[in-house]
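# Observations on the model geometry
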Amino acid sequence: MKRKTVFDYLSLVMMHFGISMLVMNIFCVLFGDNAKEFSTLFELGGAGLSVKTALEFFALNMLIIAARFVFFTDLIFKKFPLVWRTVCLVTSVIALVGVFIAVFGWFPINSPIAWAMFFVCFVISFLASWFVTSLKEKAENKKLAEALERLKEKNR
């Protein structure tokens, strides 16, 4: 297994940050003007995200990727089943986002509609990530199986 380096961490942070900025800017264009008074995320309305919000998302992405490294490398949880690692990661991500929501006023913490929308978006994002990861894993497994078959054919 390949050892993880600081560059693996930074590349994941930048990739996730880029995706989150793309999604958030699309949300700004679609909903920003209507949500301007409701959320600090949309303080610029349809014009996009503020630098402050972008830096908040960057910090959140750094923490999420750090949690991912903690739970999905054998650094601490060597014999922890994959399901429990995933549950721990999802729980910690929800907690981290909750802290950012409260600290930075991304939306009113006493708004059930806002929380419901957050959880719907979270579930959709989680399922999309899971789907893409599954496809990637299947493609890698197929590639390895084909390489193994070529090796077997070569050694006959």
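As shown above, the structure is provided for reference.
All values derive from a computational prediction rather than experimental measurement.

## A closer look at the pattern of salt bridges
In total, this model carries 2 salt bridges according to the counting rule given. Note that Glu56 is salt-bridged to Lys52, the shortest N-O span being 3.1 Å. With Glu56 and Lys52 both in helix H2 (residues 51-72) and 4 residues apart, the pair spans about one turn of that helix. A relative accessible area of 41% places Lys52 in the partly exposed class. A salt bridge links Glu149 to Lys152; the nearest nitrogen and oxygen atoms lie 3.9 Å apart. Within this pair, Glu149 and its partner Lys152 are both found in helix H4 (residues 112-154), separated by 3 residues, close to a single helical turn.

## Some words on helix H3 (residues 82-104)
Relative to the 33 Å expected for 23 residues at 1.5 Å per residue, H3 spans 32 Å between its end C-alpha atoms, a close match to the ideal helical length. Buried within H3 we find Arg85, Leu89, Ser92, Val93, Leu96, Val97, Gly98, Phe100 and Ile101. For H3, the elements touching its buried residues are H2 and H4. Positive phi shows up at Gly105, right after H3, with a value of about 65°.

## A short note on the nonpolar core
Phe57, Leu60 and Trp106 are the most contacted members of the largest nonpolar core, which totals 25 residues. Looking at this core, the elements with two or more residues in it are helix H1 (6-35), H2, H3 and H4. Among residues more than four places away in sequence, those in contact with Leu60 are Leu96, Val97, Phe100 and Trp106. If you look at the next biggest cluster of nonpolar residues, it comprises 5 residues, including Tyr9, Leu12, Val13 and Ile65.

## Considering the packing of aromatic side chains
Applying the stated criterion across every chain yields a total of 11 aromatic pairs. Ring centres of Phe57 and Trp106 lie 4.8 Å apart, and the angle between their planes is 15°; this geometry places the pair in the stacked category. Here the residue Phe57 occupies a position in helix H2, and Trp106 occupies one in the loop between H3 and H4, the gap between them amounting to 49 residues. Ring centres of Phe107 and Trp115 lie 5.0 Å apart, and the angle between their planes is 80°; this geometry places the pair in the edge-to-face category. What links up through ring pairs into an aromatic cluster is the set Phe107, Trp115, Phe118, Phe119 and Phe122.

## Comments concerning the side chain of Ser39
Considering the arrangement of structural elements, one finds Ser39 in the loop between H1 and H2. Among the polar contacts made by the side chain of Ser39, one reaches the main-chain amide nitrogen of Leu41 at a distance of 3.0 Å. With residues up to four places along the chain from it excluded, the contact list for Ser39 reads Gly105, Trp106 and Phe107.

## Observations concerning the state of the cysteines
Per the stated rule, a full pass over the model turns up 0 disulfides. Its sulfur unpaired, Cys121 is 13 Å from the next cysteine sulfur, which belongs to Cys28.

Basis of the calculations
- Residues numbered from 1 in each chain as written.
- Predicted model: local features only at pLDDT ≥ 70, side-chain atom pairs only at ≥ 80, totals over all residues.
- Heavy atoms only, no water.
- Salt bridge = Lys/Arg side-chain N within 4 Å of Asp/Glu carboxyl O.
- Helix = DSSP H or I, 4+ residues; strand = E, 2+ residues; numbered from the N terminus.
- Buried < 20%, exposed > 50% of the residue type's maximum accessible area, 1.4 Å probe, protein only.
- Expected span 1.5 Å × (residues − 1).
- Contact = heavy atoms within 4.5 Å.
- Core = buried A, V, L, I, M, F, W, Y, C linked by side-chain atoms within 4.5 Å.
- Phe/Tyr/Trp six-rings, centres within 6.5 Å; stacked < 30°, edge-to-face > 60°.
- Polar contact = N/O pair within 3.5 Å; in protein donor to acceptor, adjacent residues only side chain to side chain.
- Disulfide = S-S within 2.5 Å.

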